Every structure is written in structure tokens, then in C-alpha cells.
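Spelled out from the first residue to the last, the chains are:
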Amino acid sequence: MPHLILSDIHANWEALEAVLADAGQYQRILCLGDLVGYGADPNRVVEWARAQELTVVRGNHDRAAAGLDDLEDYNPAARAAAIWTRRSLTQVNRLYLEKLPRGPHRVEDTGVAFDLAHGSPLDEDDYLVQMADVQPLRPHLKTPLTFVGHTHLQGGFVLLADGVQRIVPPGVLKLAGDFYLINPGSVGQPRDGDPRAAYALYWPEDEVVEYRRVEYDIATAAAKIRRAGLPDALAARLEHGV
Ligand code: ZN
């Protein structure tokens, strides 16, 4: 059975529900951080996380919501959402976020080892968007496969001996021995032009990753954001997937 790879849920309950219903059978949920921030259901998502045997590394928004960040590097909408989330969380849910481990986190399964990170394996706040962001990482990668999130862009990169190639989803990817940085995309706030929730499945024994997208109730998630008094742009971007 595959692992279910989730990232950047961002307090979007409707998107998370749709992903879980679509994923079918899986053995374990591996989460790359940003459970909360931007969306209107932080308590519901954290309560779901607490009830799972979730393997999870923290994201920058989890850190912000837990009060571990001064929010200096946040744009106004992200800062407003972080402050709203901090105020909305119950004490026990805030504490759960505060204790989330920083990545990278090593997972071993059927003799295969791979890493989970939020931003890059070197820094949870780094965005891997351009080839130039990825090229310098090669000597630092400890395993052939690292799952990363943070950019909300489904895909990732393969590092070959003579350069970096971008992985273009959707579809099934057979891993072939090089170094991979795989981004499952964002469950709760996709930014790659496709508003459907994004996630991935990973079969370690077959060395196969499948990129998936699923429709969800965007109207309800957006309406909750507006009703909570969060910035309207956070609702609008769900509708457009950017
Ligand atoms: Zn995020």
C-alpha cells in the first residue's frame, strides 16, 4: 500500500476531506507541514492531525500560528491570517503546533530511506522554484528521495549528474536512481493554476510516485474565509488556484 503524501493543508477542511476520500487505501500519512494558516478551519484540521498517527514536519505557518515567529517576513494577508489563526486556536491545538518537529525527518520503509522537509532539506523557509535553487543542494542530500512542500507547486525536480530537470505532473513517476525532490503540491491552497486539491501517493517498494488532483468544495472553503473576516484575497486565490 502506498504512503499518502500531503503538504500545505492550510486549514482548508473541505480540501482535506476530498483528498482523504479520493486517496483510497494507504498505509501511512506523511505530512510536509503548514497544517494551518490562510484557511478558516485551523482547529478542525489540527484536531484531525492529532487523531492520526501522522508523521509530520512543521511548516513556517505552523511556527507562526504557534507564536514562534515574529511575522516580519510575512506579506500583509499572510500576517493577518497568522494572527487570526493564533487567536482562533485552542490552547491544546496551539501546543501541538508548537511541538511539531523541524524537518528534514527520515522515514524508513521496506529497506528504503527517504526524507520529509517543508521548504528545502537545508532550510524549512527556502523555496525551491528555479533550477538555480535546486542545483546547489545535490551534495547535501542524504537520501535519493526527499519530499518537499512550501511552494504549493506540484511537481519537483530530479538532480542528474549533468544538471537539474523539472518534473511535470500529472501522472506516474518511476524513480530511477538519481536524486529526487518531489513536491506533492498543496492540499489547501494550490498556486500552480489548477485550483483542485493536490497530493501524491508513494510506493517505496516499487519506487513509484503518483501525482493526484481532486475537485473539492471551493465555494464553501472560500465562504468560510470571508465569513471569518480574513482577507478576501485568500478566498479568491482558492477559486483561481494561484
Ligand atoms: Zn504553505
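Whatever comes next refers back to the structure up there.
Residues numbered from 1 in each chain as written. Predicted model: local features only at pLDDT ≥ 70, side-chain atom pairs only at ≥ 80, totals over all residues. Heavy atoms only, no water.

A. Quick look at the pairing of strand S1 (residues 3-6). Every second residue of S1 is oriented toward a common face, with His3 and Ile5 on one face and Leu4 and Leu6 on the other, all of them buried. Two elements, S1 and strand S2 (residues 28-31), share four bridges in a ladder whose sense is parallel. Paired with His3 across the bridge in S2 is Arg28. In terms of handedness, the path from S1 via helix H1 (residues 13-22) over to S2 forms a crossover that is right-handed. Bridge analysis of S1 against strand S11 (residues 197-203) gives three bridges, and the strand direction is antiparallel. (Buried < 20%, exposed > 50% of the residue type's maximum accessible area, 1.4 Å probe, protein only. Helix = DSSP H or I, 4+ residues; strand = E, 2+ residues; numbered from the N terminus. Pairing = 2+ DSSP bridges. Right-handed = clockwise from strand over helix to strand, strands pointing away.)

B. Fine view of empty space enclosed by the protein. One pass over the structure, following the stated rule, counts one cavity of 30 Å³ or more. Its boundaries defined by the atoms lining it, the largest cavity holds a volume of some 30 Å³. For the largest cavity, the full set of lining residues is Ala11, Asn12, Trp13, Glu14, Gly39, Ala40, Asp41, Ala221, Lys224 and Ile225. Taken together, the elements giving at least two residues each to the lining of the largest cavity come down to H1 and helix H7 (218-227). (1 Å grid on protein atoms, 1.4 Å probe; cavity = no way out; pocket = protein on both sides within 12 Å on 5 of 7 lines; lining within 4 Å. Points joined across faces, edges and corners; volume = space filled by probe spheres on them.)

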